[in-house]
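Structural overview for review
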Amino acid sequence: MRAVFLVILLPQFALPLSTPLPPITSSLLGDIVYKRASSLLPPSLVKSTLEAAEQFWAESKRHSTDHTYTLQYGQKEVHVSDLNPGVATSLKQHIDSVVLPSVSSSLPVPPVSPSYPLRVKDAMVIKYDAISQPNPGQPLHADMSSVSVNIALSNPDEFSGGGTFFPDLIGEEDSDPAVVTPPLAGDAIMHLSSRRHAGVGVKSGVRTILVVFIDAVGSPELRALELQAEASRLLRSDPSAALSLLNEGLSLCPSSAASLLLRSSCHLSLGNLSRAVSDCSLASSLSPRDARCLNDLGVALSSAGSPSSAVSAWSSAVELFDAYESRGVMPAPDAAAARLNLALALSYKDKYEEAVNLLVTAQRLAEVAEGVTEKVKVDIAKLLVFCKARKEE
């Protein structure tokens, strides 16, 4: 008798220009993925920022005031507002007079527009210290702002590994592996915050960066992001209310893959299976190298009664997750979930050996990835025992 496992996996779900602008170069993939800026921060300010951050960490028992972004991954961070007043003031003045105008001139794509003044939402120093912790980095994510600017405070000879990974660049650059690192301290890369990216693990040494999060005040994209955040909070408790918010957000920003995936989850919860598939399909077409989109598409297709198409989506998701890991990206919860989903589908076809191989890796990923639920871990373990037993028969 075949044991039946039911695994339901919701998605893991304006300033005057008074200073000459640094030279800009770009990398393009249909639209802008990122742009480089040389010497965005002068050496004297790089030095004083590093010293002030180290002073803060040495003297304080806390990492920073306000909320934190990266501490769950073992990095040190400090908000610019928590640095000593002299350095904090200098940095804020420099960001206003140089960084914001540079963003305005170099990213001429929505939501960056003369119609929407740019405002600094937050700025912080982040330290990836491979001496204190092995392979520090950040998993794939999108920032909750309009534009993100990553300014190097370390030179490349001070660390190995590291850099910013963009899945959209896989196979698109001669230099692949789609990992971008500013050449020198003071240099920067900037990108739309909605562009998913990861901090590649630092293998040795110390990499320190200054990250500036910028809002385009009054832009439709920023309002859509706010609606997306609220919908995410309501998704499980009130999917109908979340759906209404996402419909409004997608009317403002119809190309948001993240909002489409959330809306697909709402449709799944409400039994609107064809709409769930449609939203996931559109999200995948907008972000074809985002494995999360393909995993969610597989869930929607399976729920809608298209198991073969679901297997194809999950297989593609697993391949992409492998490509991420090979480039030093920390595993995400979806990486384990995609393997579990695919293994379950293959077990129904009596392909137990393939399922076992997937589940062994899923188990490893579930132990190291942040945010994997206990239910997923238990489901992996149970299905692995079952498939091993059937494989031996």
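Note: the structure precedes this text.
A brief report on the enclosed structure follows. (Residues numbered from 1 in each chain as written. Predicted model: local features only at pLDDT ≥ 70, side-chain atom pairs only at ≥ 80, totals over all residues. Heavy atoms only, no water.)

Comments concerning the sheet that holds strand β5 (residues 138–141)
Each strand in a sheet pairs with its neighbour through backbone hydrogen bonds, running either in the same direction (parallel) or in the opposite one (antiparallel). The test is simple: Strands are labelled as partners when DSSP assigns at least two bridges between them. Strands are runs of DSSP state E lasting at least two residues, helices are runs of H or I lasting at least four, and both sets are numbered from the N terminus onward.
If you trace the four strands from one edge of the open sheet to the other, you get β5-β11-β8-β9, paired in antiparallel fashion. The sheet is open, and its two borders are formed by β5 and β9 (179–180), each paired with just one other strand. The pairing of strand β8 (residues 164–165) with strand β11 (residues 197–199) spans two bridges and is antiparallel. Across the sheet, F165 pairs through a bridge with A198, a residue of β11.

A short note on the nonpolar core
Put simply, the rule is: Within this scheme, the nonpolar core is defined by two criteria: the residues are buried Ala, Val, Leu, Ile, Met, Phe, Trp, Tyr or Cys, and they are joined through side-chain atoms within 4.5 Å. Three labels apply to residues, based on accessible area from a 1.4 Å probe with only protein chains included: buried if under 20% of the type maximum, exposed if over 50%, partly exposed otherwise in between. In this analysis, two residues are considered to be in contact whenever any of their non-hydrogen atoms come within 4.5 Å of each other.
Grouped together as the largest cluster of nonpolar side chains are 64 residues, with contacts concentrated most on F165, Y324, L359, I380, L383 and C387. At the level of elements, β2 (31–37), α5 (257–270), α6 (273–286), α7 (291–303), α8 (307–326), α9 (333–347), α10 (352–368) and α11 (374–392) are the ones that each hand at least two residues to this core. It is α8 that contributes the most residues to this core, ten residues altogether. Filtering out sequence-adjacent residues up to four positions away, I380 remains in contact with A336, L340, L359, A362, Q363 and A366. Grouped together as the second largest cluster of nonpolar side chains are 36 residues, V103, L153, M190 and L210 included.

With respect to the pattern of salt bridges
What counts is decided by this rule: For this document, the term salt bridge refers to a Lys or Arg side-chain nitrogen within 4 Å of an Asp or Glu carboxyl oxygen.
Across all of its chains, the model carries 14 salt bridges by this definition. With its nearest N and O atoms 3.9 Å apart, the salt bridge here joins D215 to R119. Of the two residues, D215 sits in strand β12 (residues 202–216) while R119 sits in strand β4 (residues 118–129), which places them 96 residues apart along the sequence. A salt bridge links R233 to E230; the nearest nitrogen and oxygen atoms lie 2.7 Å apart. Of this pair, R233 and E230 are both found in helix α3 (residues 220–234), three residues apart, which corresponds to roughly one turn of the helix. Assessed through its relative accessible area of 30%, E230 is described here as partly exposed.

Re the environment of A283
Within the fold, A283 resides in helix α6. Given a relative accessible area of 0%, A283 falls into the buried group. Between the alpha carbons of A283 and A257 there is a distance of 4.5 Å; along the sequence they are 26 residues apart. Here A283 is in contact with A257, L260, L261 and C293, once residues within four sequence places are set aside.

Some words on the packing of aromatic side chains
Here is the rule: Any two rings among Phe, Tyr and Trp, with Trp reduced to its six-membered ring, count as a pair given centres within 6.5 Å; such a pair is stacked if its planes are under 30 degrees apart, edge-to-face if over 60, and tilted if neither.
Within the structure shown, the criterion is met by four aromatic pairs. Ring plane angle 10° and centroid distance 5.7 Å describe the contact between Y34 and F166, whose orientation is recorded as stacked. Of this pair, Y34 sits in strand β2 while F166 sits in the loop between β8 and β9; the two residues are 132 residues apart in sequence, bridging distant segments of the chain. With relative accessibility at 0%, the residue F166 sits in the buried group.

Regarding the packing of α9 against α10
Under the convention used in this document: Inter-axis angles, ranging from 0 to 180 degrees, are taken between N-to-C directions of lines fitted to C-alpha atoms, where helices are fitted over the stretch in contact. Orientation is classified from the angle alone, with under 35 degrees giving roughly parallel, over 145 giving roughly antiparallel, 65 to 115 giving roughly perpendicular, and any other angle giving oblique. Helix crossings fall into two classes, left-handed where the near helix is turned counterclockwise from the far one by less than a right angle and right-handed where it is turned clockwise. Three classes are used, and their members are as follows: Ala, Val, Leu, Ile, Met, Phe, Trp, Tyr, Cys and Pro are nonpolar, Asp, Glu, Lys and Arg are charged, and the others, Gly among them, are polar.
Two numbers describe how α9 lies on α10: the axes approach to 8 Å, and their chain directions differ by 160°. The pairing of α9 with α10 is recorded here as roughly antiparallel in orientation. Classified by chirality, the crossing of α10 by α9 is left-handed. Within the contact between the two elements, α9 uses A335, A336, R339, L340, L342, A343, L346 and S347 and α10 uses Y352, E354, A355, L358, L359, T361, A362, L365 and A366. Taken together, the residues of the contact of α9 with α10 break down into 13 nonpolar, two polar and two charged.

Notes on the environment of V329
Looking at where V329 falls in the secondary structure, it is placed in the loop between α8 and α9. Sequence separation between V329 and V200 is 129 residues, and the spatial gap between their C-alpha atoms is 5.0 Å.

Section: α10
Defined as follows: Here, expected helix span is obtained from the residue count minus one, scaled by 1.5 Å.
Taking 1.5 Å per residue as the helical rise, α10 with its 17 residues ought to reach 24 Å, and the 25 Å between its terminal C-alpha atoms agrees with that figure. Among the residues of α10, Y352, A355, V356, L358, L359, A362, L365 and A366 are the ones counted as buried. Buried residues along α10 sit against α8, α9 and α11.

Focus: α9
With 15 residues, α9 should reach 21 Å at 1.5 Å per residue; the first-to-last C-alpha distance of 21 Å fits that figure. For α9, the tally of buried residues reaches 15 of 15 residues, placing the bulk of the element in the interior.

Considerations on the environment of R263
With respect to the helices, strands and loops of the structure, R263 is situated in helix α5. Remark: the alpha-carbon pair of R263 and S232, spanning 31 residues in sequence, is separated by 9.4 Å. Setting aside anything within four residues of it in sequence, one finds R263 in contact with L243, L246, N247, L250 and D279.

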